[in-house]
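Reading the structure
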There are 4 protein chains.
Amino acid sequence: MNENHSDDQIGRARVQDTPALEAYYKELEKLGAGALWTVANDIEPWEPRSSSVPMLWKYDDLRDLVVKSSELVTPEQAGRRVVYLVNDKRKDVSAAVGWLYTGIQVTRPGESTSAHRHKASALRFIMEGEGGYTVVNGNKITFEVNDFVITPNSAWHEHGVDVNGKTCIWQDGLDIPLVNALEANDYAVYDGKQSIDVPVNNSPINYGTAGIIPADKIWDEPFSPLFKFSWSKVYPALIEASKSNEINPVDGVFMHYCNPMTGGHVMQTMGASIQLLPAGFSGKAHKHTGSFVYQCAKGKGYSIINGQRYDWAARDIFCVPSWAWHEHHNASDNEEACLFSFNDLPVMEKLGLYQEKDFVENNGHQEVQ
Amino acid sequence: MNENHSDDQIGRARVQDTPALEAYYKELEKLGAGALWTVANDIEPWEPRSSSVPMLWKYDDLRDLVVKSSELVTPEQAGRRVVYLVNDKRKDVSAAVGWLYTGIQVTRPGESTSAHRHKASALRFIMEGEGGYTVVNGNKITFEVNDFVITPNSAWHEHGVDVNGKTCIWQDGLDIPLVNALEANDYAVYDGKQSIDVPVNNSPINYGTAGIIPADKIWDEPFSPLFKFSWSKVYPALIEASKSNEINPVDGVFMHYCNPMTGGHVMQTMGASIQLLPAGFSGKAHKHTGSFVYQCAKGKGYSIINGQRYDWAARDIFCVPSWAWHEHHNASDNEEACLFSFNDLPVMEKLGLYQEKDFVENNGHQEVQ
Amino acid sequence: MNENHSDDQIGRARVQDTPALEAYYKELEKLGAGALWTVANDIEPWEPRSSSVPMLWKYDDLRDLVVKSSELVTPEQAGRRVVYLVNDKRKDVSAAVGWLYTGIQVTRPGESTSAHRHKASALRFIMEGEGGYTVVNGNKITFEVNDFVITPNSAWHEHGVDVNGKTCIWQDGLDIPLVNALEANDYAVYDGKQSIDVPVNNSPINYGTAGIIPADKIWDEPFSPLFKFSWSKVYPALIEASKSNEINPVDGVFMHYCNPMTGGHVMQTMGASIQLLPAGFSGKAHKHTGSFVYQCAKGKGYSIINGQRYDWAARDIFCVPSWAWHEHHNASDNEEACLFSFNDLPVMEKLGLYQEKDFVENNGHQEVQ
Amino acid sequence: MNENHSDDQIGRARVQDTPALEAYYKELEKLGAGALWTVANDIEPWEPRSSSVPMLWKYDDLRDLVVKSSELVTPEQAGRRVVYLVNDKRKDVSAAVGWLYTGIQVTRPGESTSAHRHKASALRFIMEGEGGYTVVNGNKITFEVNDFVITPNSAWHEHGVDVNGKTCIWQDGLDIPLVNALEANDYAVYDGKQSIDVPVNNSPINYGTAGIIPADKIWDEPFSPLFKFSWSKVYPALIEASKSNEINPVDGVFMHYCNPMTGGHVMQTMGASIQLLPAGFSGKAHKHTGSFVYQCAKGKGYSIINGQRYDWAARDIFCVPSWAWHEHHNASDNEEACLFSFNDLPVMEKLGLYQEKDFVENNGHQEVQ
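What counts, and at which threshold
Residues numbered from 1 in each chain as written. Chains lettered and ligands numbered in written order. Predicted model: local features only at pLDDT ≥ 70, side-chain atom pairs only at ≥ 80, totals over all residues. Heavy atoms only, no water. Helix = DSSP H or I, 4+ residues; strand = E, 2+ residues; numbered from the N terminus. Rg over C-alpha atoms; globule rule 2.2 N^0.38 Å. Buried < 20%, exposed > 50% of the residue type's maximum accessible area, 1.4 Å probe, protein only. Contact = heavy atoms within 4.5 Å. Areas by Shrake-Rupley, 256 points an atom, 1.4 Å probe, with all protein chains shown as cover. Lys, Arg positive; Asp, Glu negative; His and termini not counted. Charge placed at Lys NZ, Arg CZ, Asp CG, Glu CD. Buried area = accessible area lost by both parts, 1.4 Å probe. Salt bridge = Lys/Arg side-chain N within 4 Å of Asp/Glu carboxyl O. Polar contact = N/O pair within 3.5 Å; in protein donor to acceptor, adjacent residues only side chain to side chain. Nonpolar A, V, L, I, M, F, W, Y, C, P; charged D, E, K, R; others polar. Pairing = 2+ DSSP bridges. Least-squares fit on C-alpha atoms with pLDDT ≥ 70 in both. Axes fitted to C-alpha atoms, helices over the stretch in contact; angles between N-to-C directions. Domains from an automatic or database assignment. Phe/Tyr/Trp six-rings, centres within 6.5 Å; stacked < 30°, edge-to-face > 60°. Parallel < 35°, antiparallel > 145°, perpendicular 65-115°, else oblique. Left-handed = near helix turned anticlockwise from the far one by under 90°.

So, on to the overall build of chain A. Along chain A, the regular secondary structure elements total 8 helices and 22 strands. Scaling as 2.2 N^0.38, a compact globule of 369 residues should have a C-alpha radius of gyration of about 21 Å, and chain A matches this with 23 Å. Along the longest, intermediate and shortest principal axes, the C-alpha atoms of chain A span 75 × 50 × 45 Å. Each of the 369 residues in chain A was classed as buried or not, and the buried ones make up 66%. A separation threshold of at least 6 residues defines the contact pool for chain A, and within that pool the share at least 24 residues apart is 76%. In the form shown here, chain A has an accessible surface area of approximately 12,900 Å², with 46% of it arising from carbon and sulfur atoms. Looking at chain A, you have 32 positive and 48 negative side-chain charges, and the mean spots of the two groups are 4 Å apart.

On the chain B side, the residues contacting the 91 residues of chain A number 91 residues. A combined buried area of about 8,000 Å² lies between chain A and chain B, and 61% of that area is made up of carbon and sulfur atoms. When the area that chain A buries against chain B is broken down by residue, the three leading residues are A:Glu183, A:Tyr187 and A:Leu351, summing to 10%. The interface formed by chain A and chain B includes 4 salt bridges. The shortest N-O distance in the salt bridge between A:Glu27 and B:Lys68 comes to 3.5 Å. Between the two partners, chain A and chain B, sit 38 residue pairs in polar contact (both at pLDDT 80 or more). Considering only residue class, the side of chain A that touches chain B consists of 47 nonpolar, 26 polar and 18 charged. Strand direction decides the pairing type here: strand 1 (residues 33-35) of chain A and strand 3 (residues 82-85) of chain B, joined by 3 bridges, are antiparallel. Its bridge partner being in strand 3 of chain B, A:Gly34 is matched across the sheet by B:Tyr84.

A separate point is the pairing of strand 16 (residues 292-298) of chain C. All names here are of chain C. Of all the 7 residues making up strand 16, 6 are buried; the element is thus mostly covered by neighbouring parts of the structure. Looking at chain direction, strand 16 and strand 19 (residues 317-320) are connected through 4 bridges and run antiparallel. Bridge pairing links Val 293 to Cys 319 in strand 19. As defined by bridge partners, strand 16 adjoins strand 21 (residues 337-343) across 6 bridges and the pair is classed as antiparallel. Bridge pairing in strand 21 places Lys 298 opposite Cys 338.

The next thing to look at is the relation of the copies chain A and chain B. Between chain A and chain B, the superposition needs a rotation of 180° and an axial shift of 0.0 Å, giving an RMSD of 0.0 Å. A rotation of that kind, with that shift, is consistent with a two-fold axis. When C-alpha positions in chain A are compared against the rotation axis, the closest is assigned to A:Lys350, at 3.4 Å. With an isologous cut-off of 70% or more, the 100% of interface residues of chain A that recur at the interface of chain B puts this contact in the isologous class.

Here we take up the relation of the copies chain A and chain C. For the pair chain A and chain C, the relating rotation is 180°, the translation along its axis is 0.0 Å, and the fit reaches an RMSD of 0.0 Å. Mapped onto chain C, 100% of the interface residues of chain A are again interface residues, and the two copies thus contact each other with one and the same surface.

Glancing now at the sheet that holds strand 16 (residues 292-298) of chain D. The 7 strands lie next to each other as 11(B)-13(D)-14(D)-21(D)-16(D)-19(D)-2(D), forming an open sheet whose pairing is antiparallel. With partners counted over all chains shown, the strands left at the sheet margins are strand 11 (212-214) of chain B together with strand 2 (55-57) of chain D, one partner each. With strand direction ignored, the average angle separating the axes of adjacent strands in the sheet is 25°. When strand 13 (residues 253-257) of chain D meets strand 14 (residues 271-277) of chain D, the two strands line up antiparallel, connected through 4 bridges. Across the sheet, D:His256 pairs through a bridge with D:Ser273, a residue of strand 14 of chain D.

Now for the domain arrangement of chain A. Assigned domains of chain A: these are domain 1 (1-46) and domain 2 (55-364). For domain 1 of chain A versus domain 2 of chain A, the distance between C-alpha centres works out to 42 Å.

A separate point is the side chain of D:Ser112. Residue and element names in this part refer to chain D. Relative to the helices and strands, Ser 112 is located in the loop between strand 4 (101-107) and strand 5 (116-118). Judged by its relative accessible area of 18%, Ser 112 falls in the buried class. Separated by 2.7 Å, the side chains of Ser 112 and Lys 193 make a polar contact. Here Ser 112 is in contact with Glu 76, Tyr 133, His 159, Gly 160 and Lys 193, once residues within four sequence places are set aside.

Right, let's get into the interface of chain A and chain C. Taken together, the 36 residues of chain A in the interface contact 36 residues of chain C. Counting each side, the surface lost to burial between chain A and chain C is near 3,000 Å², with a carbon and sulfur contribution of 60%. Linking chain A with chain C are 0 salt bridges. Secondary structure elements with two or more residues in the side of chain A that touches chain C: helix 6 (202-207), strand 11 (212-214), helix 7 (231-244) and strand 13 (253-257) of chain A. Looking at the side of chain A that touches chain C, its residues break down into 19 nonpolar, 13 polar and 4 charged.

This next bit is on the packing of aromatic side chains. This structure, assessed with the given rule, holds 89 aromatic pairs over all chains. Between A:Trp219 and A:Phe223 the ring centres are 5.8 Å apart and the planes differ by 75°, which places this aromatic pair in the edge-to-face class. Here A:Trp219 falls in the partly exposed class, since its relative accessible area comes to 27%. Accessibility expressed as a relative area gives 4% for A:Phe223, which makes it buried. Between the aromatic rings of D:Phe223 and D:Phe227, the centroid separation amounts to 6.5 Å while the plane-to-plane angle is 40°, which identifies the pairing as tilted. Cluster of aromatic residues (ring-pair linked, three or more members): A:Phe125, A:Phe148, A:Phe229, A:Tyr257 and A:Phe340.

Moving on, we come to the pattern of salt bridges. Residues and elements named next belong to chain C. Enumeration over the complete set of coordinates arrives at 64 salt bridges over all chains. In this structure, the salt-bridge partner of Glu 335 is Lys 298, at a minimum N-O distance of 3.0 Å. You can see Glu 335 sitting in the loop between strand 20 (326-330) and strand 21 and its partner Lys 298 sitting in strand 16, a full 37 residues away along the chain.

With that settled, the discussion passes to the sheet that holds strand 14 (residues 271-277) of chain A. In space, the 7 strands of this open sheet follow the order 2(A)-19(A)-16(A)-21(A)-14(A)-13(A)-11(C), with antiparallel pairing throughout. Each edge of the sheet is formed by a strand with only one pairing partner; in this case those strands are strand 2 (55-57) of chain A together with strand 11 (212-214) of chain C. Each strand axis lies, on average, 25° off the axis of its neighbour in the sheet, ignoring direction. Direction of pairing for strand 13 of chain A relative to strand 11 of chain C: antiparallel, over a ladder of 3 bridges. Pairing of A:Tyr257 across the sheet is with C:Ile212, part of strand 11 of chain C.

All names here are of chain C. Phi angles above zero are rare outside glycine, and Glu 183 is one such case at about 60°. With respect to the element layout, Glu 183 can be found in the loop between helix 5 (176-181) and strand 10 (187-189). Residue classification places Glu 183 among the buried positions, given a relative accessible area of 3%. Positive phi values are uncommon outside glycine, yet Asn 363 reaches one of about 55°. Mapped onto the secondary structure, Asn 363 falls in the segment after strand 22 (356-358). With a relative accessible area of 54%, Asn 363 lands in the exposed category.

Relative orientation of the contacting elements helix 1 (residues 19-30) of chain C and helix 3 (residues 59-72) of chain D amounts to 165°, with a least axis distance of 12 Å. Judged by the inter-axis angle, helix 1 of chain C sits roughly antiparallel to helix 3 of chain D. Crossing of helix 1 of chain C over helix 3 of chain D shows left-handed handedness. Between helix 1 of chain C and helix 3 of chain D, the contacting residues are C:Ala20, C:Leu21, C:Tyr24, C:Glu27 and C:Leu28 on the first element and D:Leu65, D:Val66, D:Lys68, D:Ser69 and D:Leu72 on the second. Considering only residue class, the contact of helix 1 of chain C with helix 3 of chain D consists of 7 nonpolar, 1 polar and 2 charged.

Given below as structure tokens:
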């Protein structure tokens, strides 16, 4: 393989325009055609190329506006009362990064939405509040801060907060932009609210203990039967692992949320992860295909993304575009930091498009610009 | 489920602009955010929505221009000497339909290209000529008219025509637009030509007989080990099946090219099919997610796509966008017609996005506009 | 299908001996051959046929003898100091039922065995003691009463009890008889003890929390990466499920131990389950292919197996042969009973041999003989 | 690992009998128990151990007796008119080798059997005749000499010969002994003959061309949809491969019959292979777990099995037990020899029990005793 990435070499288009060629191109254009060599170098880049930029959304800036939405519109009017975060370069597709959408939803005690479903998949990471719940295909799931909850594609879902709870704020993650781009999205509204078919939290009761599954239930859906991943179980496991495992120099203690029936991603098109950066951790840089949206679940630190530093603390949200160099640092010397993230890795992996590369210069750390 | 597709109902965004809201939207915008309900109905369509239009490219119109390219540029200058076909609504991404690229490549006797590879997958359907060949990862494969040949993602490949052959013209199909959109494409040039590691056509010799595979070879690639699907075997099988099988009212005799190791699609991101429309066949309409590019391999007929009629004969190329109603008709009462097609069904299926719908009105036939 | 199970019908061998035939049989015999019709009805039974009988081993009877073994032989002499339980009809293959072996192993504080491995798979269910541990492929796993531990096929393993612990007694389950019958068993001794490569209990630390797995470890073994299934997690989950789930009329609350990477059985050839029979539970009878060995982990009750009643309490062991009618009853009206079991279901399922049948007469309960 | 296979070492049972122990053993026996160390070394062999011996059945010896059966009994009386071949050491289970059954069936023109089914799987390799057919789940399949045909487990099947055909003789292969040993066999007779649901040979018409499968049929059975593997296609493919491939020094040109939907074995419990030994081929020895029954389909040669030479010609049948050294030789210097074989490799592979070993001494060739 030739590592020279110049377009002035055999194997790349190197045709000079001539009057004859220009006339030829016009003839082609009339027929809905073109000469490949006029676009080839552009549509066949040497390396993966993202159209997104890294961005950081500080919760301190956003929180008031999020809460204010609950005064301006009702869930009935809004469908869902959400402030969505949009990448400066992806406004045309309402994406936070790549083909991933994210938003912050607020629900007040006693409020609930009607049910709907769509081909896009959805997930939530809980930021604030008490008494929140979601109903997925007739299964009511209650949640608490830092719990991770899924609402898979084409599953009926609705959310609410108990009348005796406290205002709940959570992050939504969806792949609406991807499913729209793939020209496959759809939408349906449920006639009223779903009937609750099984006892509350039946899903985590049956699938929430590692290594046992109900012997007399058949699960044949293409997503995880475990709908809630409780922080009360996940966080102690991270702490335990941070004591037992060798720390990954790039990612610290890095766990994927997984489907207990497959060991694979929780949904067909989006994955999610939780990672712990030990006190003082200074991660090395790498890049990979696939887009990531992060939320700091605990602690504080900063990430260097393509040479720019982004400082984050609990509840801040930031994104890393495909093939962008990135490294994560814990800013504290005595407290661990935890990062939740979601991604489109299932798409990359299933389509054979995943690749990664370590940053080898400078002991693995980028120069900050 | 409520089948009413009006946006004026519970579950859809129905917020009226007010001065307070407009001020609010400006505040959000400054922070890289927005109110979901201002875009929700647009980004959550009721049904799959394609940005492509149906198109037909007549070979009679294009052939001279394709051949002319061989006088205007050399393969060395052009990289590949290809006239590509572009959808009127997808010029920004150089796609023929959806995220699929197609082009017509011409190679003269004695010409050959240098080798390269990319994350996008590629396939060819042979239209004219003699003595053509492709080299895939060191395997030389010769081909003839109506043969179907694959060059999977990240496989080194190069093409040529024997000095004693006749000018070869073939259709290329790639998913360059998709892999670019997914921000995962790459490109590498080989330093010269590949060395030929195994005897010519070793792949079809080993994997080209149904029901036997080499017991002492391990195949662990995510694509078909059978690189060539010979018309000399495929066509008689179609004829036999047309006599033995009940004819599918939508698709006639419809076969997927498949990976003999999995029964699945030949490559990770693109599938291909061959279908025979018996003499006088008048197919019923349906629609589905996933984009298709067709080439007529034999005979003549027409397709009704979203109510427009497109007449095709051998070597004509046309496309059907995602979720477009379409039906195929054989225009002859005594000769069968054969349609080759390629598609992005592997993407739809792996991501859980495939759905289809039959056209039930009017005995399954659209009104032609 | 004809439900008449008489051999006197078309489709069964019904040949009467004649002098000519008897002469013919002798000729065949000389050539290492025979006439199929002389054995067909015998080797093609109408229904699955087991050569085992139901048996119950009372721990009260056995415990003293098990402990006594620790006075009679050392682990060094015995290899492993185990009292094995043998079915009256399977003494030739040392099986407790079908092709499953089980035994009771005793290890005193400070004792440990040398490491070995074999193609047969092994598992343990802990009955008594403190400070016990196993080492599997360099992973040290500590265990407590009612923990379930696996030592998969061809994994190096050794066991011991801390010098400060208490004498440990556990049940071993292996498929030695099966792997011998399949003519595939082997055995190797490790030169001394294994080196401990990772921190104690690293396996349950990494794979013991439902719904998360290490993102940076690759697991490609054909068995569970979770080697210990702790009673301290399993029992509360059973209790929770017994409150949330509809109780299965045959099996109560019935959970399979599973591989968290697949949702399937923990090892390639043996599965294991834990079930809770609620207070007063009176299970209905069914039968299925596959052999089961049970140990009562908690409470007391009885099982009716092929019409015979077997009363069991904590630590008693009993077996149910393939295709034997069986039903389980909790003998207490206010305490739940728990049954651990292991089985050869992976074999039945992978080979397409599993089938089951409910006992429909008499409201699902057998007559006790 | 310690390669010393003596039982006089740590890790093996080395207990000397004493009066106290003998008394102890008697106490255990009364309780249905025993001391593991009294049987451990026997039930845990160092290497796989087969209870079968190699055997060769010469067709010249058997053919007359096979034909004679058609004079002695009718298909109606016999169920199936078959001479079965039985291993000298496996008479108790009617097996030819290991857990595999084989027999030679004869059917005269105009004869046909009634339909039945069983949990055991079955296959046929055609030896002589014209006009033979089988009906599998309503699919009528005609066959010719050297065709390979499957009748998967639990599929209804029946056989016959057209009234205008010639007496057909074929080899049956079944895993009746295995399924009996696994206590899972069953049997049912069909009430009369099956109705033929689809045109003759519809299965090979749809699935018999490599690389294409019907796009509009769903196949969800755990066995191959291709029921017949025609010699007219297989043999030319073997010849082509023998010219293109490097010849395997152990197996010559070695192909597995496979399920075109999976690339795996044709049925759940039995596999089959066809191999070509080029003229003058002198194969090297190896051994592996899994039992094989061979039939010479063409040519002549000999095999050395565990140091004994067995000479075979077309239609002769021989067996190789699990873990027996074996090597195959073509006795002709100008004609290829072809060996059909069937085996229990699916069982070995699915249960993780397959292993193999090359014979490295003496340039890979055994000394003949």
